Amino acid sequence: MKTADFQIILIFFLILFCIQNSNAQYMLLELDDSTGLPNIQLGEIHINASKDNLKINEVPASVSLINSDMIENNEIHSLTGISAITPNFYMPDYGSKLTSPVYIRGIGSRIGAPSIGLYVDNVAYFEKASFDFDFFDVSRIEVLRGPQGTLFGRNTMGGVISIFTLSPFDYQGLKLKFSAGTYGEYRVNAGYYGKIREKIGYSISANYNHNDGFFNNSYTSEKVDIMDSYGIRGKLIWKVSDRFSAENTISFENSKQGGYPYALYNDSLRAAEEINYNQYSSYDRKLISDALSLKYKTNKFEIIATTAYQYLDDYQEIDQDFTPDSLYFVAQKQKQQMISQELIIRSNQDQRYVWLFGTYGFLQSFDKNVDVDVYGMNMKLFKKYNNSNAGYAFFHQSVMNDLLVENLSLTAGIRVDFEENTLNYIYDTERNDVVKNVADTVYPTLSYSAVSPKIALNYLHHRSNYYITLTRGFKTGGFNSTFERPEDLTFGPENSWNYEAGIKTPLFKTSAYLTFAVFYIDWENQQIYQTVPSGRGSMLKNAGKSSSLGFELTLKTKSFAGFEPMLSYGYTHAAFQEYVQDSLTEYSGNFIPYVPRQTASVQVIKTFNLNAKLWLDRILLHLNYQGAGKTYWNEENSHEQAYYGLFSAKVSFVHNLMKMEIWGKNLLNNEYDAFYFEALNNKYVQSGKPMQLGVSISVNL
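On a predicted model such as this, the values are computed, not experimentally measured, just so you know.

What counts and how
Residues numbered from 1 in each chain as written. Predicted model: local features only at pLDDT ≥ 70, side-chain atom pairs only at ≥ 80, totals over all residues. Heavy atoms only, no water. Salt bridge = Lys/Arg side-chain N within 4 Å of Asp/Glu carboxyl O. Helix = DSSP H or I, 4+ residues; strand = E, 2+ residues; numbered from the N terminus. Buried < 20%, exposed > 50% of the residue type's maximum accessible area, 1.4 Å probe, protein only. Phe/Tyr/Trp six-rings, centres within 6.5 Å; stacked < 30°, edge-to-face > 60°. Lys NZ or Arg CZ within 6 Å of the ring centre and 35° of its normal. Pairing = 2+ DSSP bridges. pLDDT = per-residue confidence, 0-100. Contact = heavy atoms within 4.5 Å. Polar contact = N/O pair within 3.5 Å; in protein donor to acceptor, adjacent residues only side chain to side chain.

S.K.: Quick one: what's the story with the pattern of salt bridges, residue by residue and with numbers?
M.R.: Applying the stated criterion across every chain yields a total of 22 salt bridges. When the shortest N-O distance is used, the salt bridge between Asp-488 and Lys-541 registers 2.8 Å. Pair noted here: Asp-488 is in the loop between strand S28 (478–479) and strand S29 (490–491) and Lys-541 is in strand S33 (residues 538–542), with a separation of 53 residues, a long-range link. A relative accessible area of 0% means that Asp-488 is categorised as buried. Overall, Lys-541 belongs to the partly exposed group, its relative accessible area being 22%. Put simply, Lys-630 and Glu-640 hold a salt bridge, and the shortest N to O gap is 3.4 Å. Remark: Glu-640 occurs in strand S41 (residues 640–641) and Lys-630 occurs in the loop between strand S39 (618–629) and strand S40 (631–632); sequence separation between them is 10 residues. Looking at Lys-630, the relative accessible area reads 30%, which means it is partly exposed. A residue is classified by how much of its surface remains accessible, and Glu-640, at 34% relative accessible area, is partly exposed. Put simply, Glu-75, Lys-177, Lys-650 and Glu-661 are held in one network by salt bridges that share partners.

Right under this line is the structure:
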């Protein structure tokens, strides 16, 4: 990292420290909610994703909380949308729900298992192919940055995202919403939430989404990225007694997606050519998730047992060369089934010594069939993978409050994970109607174990929270689904140490609230995406050493004169420290690809309260600017996307239980590269989505 970058971080942190200590008095900040809901006291909000039931200002970690109003105001319909408002969070648009990696603080994985944990209503999403699902009736999103392996285990090196849908105990009645936009976009959402007396809550909701596509394929003169999807969710909560409750949430989504909007990149023009390929490509997916959570609470402790299941069935057809020529066409079918069981027992929080014990186990089967047409050789390739993962873990966390001095707490935790990975691989070829078996192998079982410690100090002073943490993250190794050399069959695990310091504090008495964190990540054997030698496919290889250093902040202000501003900013300097691919290729010192150097978001909401006698109660104006960059797309750092910014806006007209909204995205129609990759000795680019306008009408009854 350059000295100037480090100086900027250090000076900025010192300025914030001085500003905070200039406050003579403190009152817990209350933010006015423009929707008319009760005011929110930030310090009283509990973060469910942390598993230890802490308030947001007590969690010794950098946390972003995105409530339902922020989701609606920013027109967030999937995980990609929260890049706009979450610092150091980046999920690019890859043109397909199949490839949906997430990057936090430079940590992520384009293929293979994710490096970021995702939980939706207590269901763990182990495969990135399930990450990009349609949001509807989402009540809140919590993003914990930094390794969360102590409480969550595998593949949470970068952090954890927890998504919670609306509870029938928080809202009762009918919710309807219809939205229409340019490029043939239509969204319909309907849900009913009710209670039977005061003990049983239930809900059923459904969603439909259609888009004609944003990009044309010049070869077929048709849109290349058409989308149709629908989903349904059911929730049942039974508060059997004051001590015991049960909750079950089941969801289903079916999506059919055209793809992919990839065009050849022209080096001489330094721009993408037209999308121009001859074979129709698509991605279809069915996704089922279910979770049963049982809770039993006494005066001294609470027991939580969560059983989760997920089923994924998808089919991809892809013109892999993305040219008018018939070179390679791939058809891939995947099926995943995953079941997990977690048991946690934890003490109540109002004690000097707070403890938590837990155990976790999972079983995952993952079968994949890949058929490749190699037209130039008049050959077909048939590959079949039967893969299974199984693991179990034990974890513990202790918190000692008022350690040595009042309001100083020490958190210490440890987790031990054990995992096994198996693969049965069958490879056949067909040429001139002759089938030949190339491989039929049951590979030796891969076994992994990991210890994930955590230690943190938390100090509450005049209700400002200062913390420092040291945590270890890990990600398991595994088998490559595409390999052409014996040495490329497997890849090893990676691990990291994360050092973090932060502050959560009011500024200028009660006028603003700031969260700020600075971090340094040191990790070894980073799993890096590479193409196989022939260029027909991709695999994971391990780099030597990597590091990431940066900071992030979020600033919210109290409503004044009807204005509610919010600022978030993240800076990440992620680079390879030691990475020698072979005797001729070394990437040491280069930036890690797919990681924006900066993420930025500025939001302003202006509320106009009108005369109650009028047919309109209030008008809300929401303005949003989001920026990202600079981003390198490959290890050589030879291709990059410079910093770019997008401007969006929404006007909402609210009357009693009805709302009409007029919205626009990328209103300046800025052009940028959303994705870039190299394969088959070619370079490919996906352009960012153009300006889009629309209108929405919602009714709550």
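S.K.: Tell me about the packing of aromatic side chains, residues and numbers included.
M.R.: Enumeration over the complete set of coordinates arrives at 38 aromatic pairs. When the ring of Tyr-425 is compared with that of Tyr-427, the centres are 6.2 Å apart and the planes differ by 35°; the resulting orientation is tilted. For the pair Phe-551 and Tyr-571, a centre-to-centre distance of 6.0 Å together with 25° between the ring planes defines the contact as stacked. Taken as a pair, Phe-551 in strand S34 (residues 545–557) and Tyr-571 in strand S35 (residues 563–578) lie far apart in primary sequence, 20 residues in all. The two residues Phe-551 and Tyr-571 agree in class, both being buried. An aromatic cluster is built from Tyr-103, Tyr-260, Tyr-262, Tyr-277, Phe-322, Tyr-594, Trp-633, Phe-675, Phe-677 and Tyr-684, whose rings are joined through pairwise contacts. For Arg-597, the ring lying beneath its charged end belongs to Phe-591, and the centroid distance is 4.0 Å.

S.K.: Can you tell me about the sheet that holds strand S9 (residues 159–165), naming the residues and giving the values?
M.R.: Reading across from one edge, S3-S8-S9-S6-S7 is the order of the 5 strands in this open sheet, with mixed pairing throughout. Every other strand in the sheet has two partners, leaving strand S3 (62–67) and strand S7 (123–124) as the edge strands with one partner each. Of the pairings in the sheet, the one linking S3 to strand S8 (residues 138–145) comprises 6 bridges and is antiparallel in character. Each residue of the ladder has a partner; that of Val-63, found in S8, is Leu-144.

S.K.: I'd like a rundown of the confidence of the model for the protein, residues and numbers included.
M.R.: Predicted confidence across the protein gives a mean pLDDT of 86, with 92% of residues reaching 70 or more. Counting interchain partners and residues more than four positions distant, the pLDDT-below-50 stretch residues 1–43 has 88 contacts.

S.K.: Before we move on, could you go through the side chain of Asn-421 and cite the residues and values that matter?
M.R.: Checked against the element boundaries, Asn-421 lands in strand S24 (residues 408–431). For Asn-421, a relative accessible area of 5% gives the class buried. A polar contact is formed between the side chain of Asn-421 and the side chain of Asn-387, at a distance of 3.0 Å. Separated by 3.0 Å, the side chains of Asn-421 and Asn-389 make a polar contact. In this structure Asn-421 touches Asn-387, Ser-388, Asn-389, Thr-445, Leu-446, Gly-477, Gly-478 and Phe-479, once residues within four positions along its chain are discounted.

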